[in-house]
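Listed here are the chains, written in short residue letters.
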Amino acid sequence: MDVRPQLLDALSALRDRVASVRLPLPLPGAPRARQTRAELLAQLDDYLVPRLKAPEAPLLAVVGGSTGAGKSTLVNSLVGRQVSEAGVLRPTTRTPVLVCHPDDHHWFAGMRVLPDLMRVWAPPEEDDPLPPPQRHTPHGNTHATRELRIETVSTLPRGLAVLDAPDIDSLVVENRTLAAELLCAADVWVMVTTASRYADAIPWHLLRTAKQYKAALVIVLDRVPHQVLAEVSRQYGALLNRAGLGEVPRFTVPELPESAGGGGLLPASAVAPLSAWLTHHAKDPAARQYAVGRTALGALDSLKRRMPELASAVAAQHAAAVRLTSAVEDAYKREGKRVRSRLDNGAVLAGDALTRWRGYPLDTTADELLDSLAESLSALLQCAVAAADERIAEAWRREPASAAVPLPGPDREAGERIGMAVRRWRRVLEELAEEEVSKLDRQPAPDPDAVAALLVAALLGGKRARPAGEKLAERIGVQAAVRLRDRGGELVGDHLDQVLRAERDRRLAPLEALEVTPEPQAELIAALSVLQKER
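Residues numbered from 1 in each chain as written. Predicted model: local features only at pLDDT ≥ 70, side-chain atom pairs only at ≥ 80, totals over all residues. Heavy atoms only, no water.

Named according to an unreviewed UniProt entry, the protein chain is Dynamin family protein originating from Streptomyces goshikiensis.

Here it is, written out as structure tokens:
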């Protein structure tokens, strides 16, 4: 394969774009999109990039199939000794086994392919078919937990590696996931099924996937009783023809005493046709070029379909995030307008604050009036925040994506935060009043606390507190009163915005932490476009 550096650069850039995709929101199509992302990364990391970087590397045939299909027995028989534990009943955890010629060991000992799997291998010993393993974590992958057992046998031709994958229908999710990843790393998919299970849904799903990816595919119909060999072969062939897979090389292995329990080696004659096919495609340059080129080009072609699908899923994620964000912003914007309207109507000057105002200055001190006005403003803002949160929760309940973030609910700390912010604002107004009084050239000077109380009442009392503005002008003069009210009015507006914005941002923080942005969609499409131009 003639691979230009520009193509490798474009493919690596596309891989990075796929890796950066985040799909945290539980939208209807999100599980499938996450699977597509994982499959793309597996195929790029484990096959396309390493294969195009090293076209001369050994041909990798991954043997996959259902539980009890005879994969391990088949692999053991192909190499002529037991390298993979076989048996109908699988252990809970199963390590995949890669077998290659000793001269090819260096191709798989490092991180060239399957970089997420810790390498486990043992020097071949004649007396012990499965010697104690030695473990090696490739450089840069110190946290690997999954393993790949590497066996070397001289009976396997140079240039060919065979990998026995976990069961594709394993009850353990991790095993099924690993089996799919290993198939993505294959130059040749060897799908093994049996006479009793050749119509099962899961093997057929993988066959259709291989056809969709245009991968080099081989089918092994294993453990077929002699009595029904011709009939089963005919029926299976008919199914393959209807699925458009009639041209796929197919090998039949009869049921033999060695197949029982999966513990022995099949006669060499039983696996000779498959062995010859694999050896031919590993040794013959034209056959090898066809197999590797078909799978690599098929994987590249599949990107034209899968990348836009992933980009669409990213766009759907961003659209959902925008809807969730808009619900928060709209709710707080609406409550902000309502708070200002209520301030204009004197809503703060109610209850205890109104009683204090009516008793001022005879029965109420300036400090008591300020306290009551601050408490009333805090209560108004707390009600606004609670109303906004209720509106947000109602809107989010209609959005499936909201399941990724907590619904806004009663916040016991909100009252304390708002109260503290109001007290800071009150102190600023008191300092403003003190500053204005200090500039006055009249004796005796007005009491700064009384000026502050009248200023706050005028700013928060609406029409009900019109007399507060008149009394303020009497005490410090019209110009000073106008100046104070203008500056105080700006502070009120800024304070309201600051409080509501802070509470709004707290509601948005969990959503923003998910980092759902629009850029990955465009980056995916752009990376795919560059790759297509370089092909």
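Having put the structure on the table, let's press on.
## A word on the overall build of the protein chain
Counting its secondary structure elements, the protein chain contains 16 helices and 9 strands. Seen through its principal axes, the protein chain has C-alpha atoms that stretch 115 × 45 × 45 Å. Taken over 535 residues, the protein chain has a buried fraction of 51%. In the protein chain, 77% of the contacts between residues at least 6 apart in sequence involve partners at least 24 apart. Just so you have it, the protein chain exposes about 25,100 Å², and 52% of that area is on carbon and sulfur atoms. Distance between charge centroids for the protein chain: 5 Å, based on 68 positive and 70 negative side chains. (Helix = DSSP H or I, 4+ residues; strand = E, 2+ residues; numbered from the N terminus. Buried < 20%, exposed > 50% of the residue type's maximum accessible area, 1.4 Å probe, protein only. Contact = heavy atoms within 4.5 Å. Areas by Shrake-Rupley, 256 points an atom, 1.4 Å probe, with all protein chains shown as cover. Lys, Arg positive; Asp, Glu negative; His and termini not counted. Charge placed at Lys NZ, Arg CZ, Asp CG, Glu CD.)

## Quick notes on the packing of helix H9 (residues 285-344) against helix H15 (residues 478-513)
Two numbers describe how H9 lies on H15: the axes approach to 10 Å, and their chain directions differ by 155°. On the basis of their axis angle, the class for H9 and H15 is roughly antiparallel. Here H9 and H15 pass one another in a crossing that is right-handed. Here H9 contributes Ala321, Leu324, Thr325, Val328, Glu329, Tyr332, Gly336, Val339, Arg340 and Leu343 to the contact with H15, which in turn contributes Val492, Gly493, Leu496, Asp497, Leu500, Glu503, Arg504, Arg507, Leu508 and Leu511. (Axes fitted to C-alpha atoms, helices over the stretch in contact; angles between N-to-C directions. Parallel < 35°, antiparallel > 145°, perpendicular 65-115°, else oblique. Left-handed = near helix turned anticlockwise from the far one by under 90°.)

## A closer look at the pattern of salt bridges
As enumerated under the stated definition, the model contains 36 salt bridges in all. Its salt-bridge partner being Arg15, residue Asp16 comes within 3.5 Å of it at the nearest N-O pair. Glu368 serves as the salt-bridge partner of Arg356, at 3.6 Å between the closest nitrogen and oxygen. Taken as a pair, Arg356 in helix H10 (residues 352-358) and Glu368 in helix H11 (residues 366-396) lie far apart in primary sequence, 12 residues in all. Arg356 sits in the partly exposed class, given a relative accessible area of 28%. Connected through shared salt-bridge partners, Asp367, Asp371, Arg426, Arg427, Glu430, Glu431 and Glu434 make up one network. (Salt bridge = Lys/Arg side-chain N within 4 Å of Asp/Glu carboxyl O.)

## Focus on unusual backbone geometry
Peptide bonds are trans in most cases, and residues, glycine excluded, mostly fall at negative phi. Look at the link from Tyr360 to Pro361: it is a cis peptide, with omega at 5°. Position of Pro361 relative to the elements: it lies in the loop between H10 and H11. The backbone phi angle of Leu114 is positive, close to 50°, even though this residue is not glycine. When you line up the elements, Leu114 lands in the loop between helix H4 (105-109) and strand E3 (118-121). A positive phi angle, near 60°, is found at Lys214, a position not held by glycine.

## Structural notes on the side chain of Thr295
Topologically, Thr295 is positioned in helix H9. Judged by its relative accessible area of 4%, Thr295 falls in the buried class. Dropping the residues within four chain positions of it, Thr295 is found in contact with Tyr47, Ala186, Asp187, Lys214, Ala215 and Ala216.

## Topic: the nonpolar core
In this structure, Leu343, Trp357, Leu373, Leu377 and Leu460 are the most contacted members of the largest nonpolar core, which totals 67 residues. Breaking this core down by element, the ones donating at least two residues are H9, H10, H11, helix H12 (412-439), helix H13 (448-460), helix H14 (466-476) and H15. Element by element, the count of residues in this core is highest for H11, at 14 residues. In this structure, this core is formed jointly by two domains, domain 1 (1-52 + 284-319 + 522-534) and domain 3 (345-513), each of which donates at least three residues. The contacts of Leu377, once residues within four sequence positions are left out, are Leu343, Val348, Val422, Trp425, Leu460, His495 and Leu496. Among the nonpolar cores identified, the runner-up in size contains 64 residues, and Tyr47, Val83, Phe251 and Leu274 belong to it. (Core = buried A, V, L, I, M, F, W, Y, C linked by side-chain atoms within 4.5 Å. Domains from an automatic or database assignment.)

## Digging into the side chain of Thr364
Structurally, the position occupied by Thr364 is in the loop between H10 and H11. Only 3.3 Å separates the side chain of Thr364 from the backbone oxygen of Arg356, close enough to count as a polar contact. Setting aside residues up to four positions removed in sequence, Thr364 forms contacts with Arg356, Gly359 and Leu369. (Polar contact = N/O pair within 3.5 Å; in protein donor to acceptor, adjacent residues only side chain to side chain.)

## Some remarks on the packing of aromatic side chains
The geometry of two aromatic rings is summed up by the distance between their centres and the angle between their planes. Evaluated as defined, the whole model comprises 4 aromatic pairs. Ring geometry for Tyr198 against Tyr236: centres 5.2 Å apart, planes inclined by 50°, an arrangement best described as tilted. Taken together, the residues Tyr198 in the loop between strand E7 (188-194) and helix H6 (201-213) and Tyr236 in helix H7 (residues 229-242) connect sequence positions 38 residues apart. Classification of Tyr198 as buried rests on a relative accessible area of 11%. Here the aromatic rings of Trp357 and Tyr360 are separated by 6.5 Å at their centres, their planes lie at 15°, and the arrangement is stacked. Across the pair, exposure class does not vary: Trp357 and Tyr360 are buried alike. (Phe/Tyr/Trp six-rings, centres within 6.5 Å; stacked < 30°, edge-to-face > 60°.)

## As for the domain arrangement of the protein chain
Here the protein chain is partitioned into domain 1 (1-52 + 284-319 + 522-534), domain 2 (57-121 + 143-282) and domain 3 (345-513). Just the C-alpha atoms count here: the centres of domain 2 and domain 3 sit 74 Å apart.

## Here we look at the pairing of strand E5 (residues 147-152)
The buried count for E5 comes to 6 of 6 residues, which makes it a mostly enclosed element. Of the two faces of E5, both are covered, the one formed by Glu147, Arg149 and Glu151 as well as the one formed by Leu148, Ile150 and Thr152. Taken together, the 4 bridges between strand E2 (residues 97-100) and E5 define a ladder with parallel strand orientation. When the bridges of E5 are listed, Leu98 appears paired with Ile150. Bridging between E3 and E5 involves 4 bridges; their strand directions are parallel. Of the residues in E5, the one forming a bridge with Arg119 is Leu148. (Pairing = 2+ DSSP bridges.)

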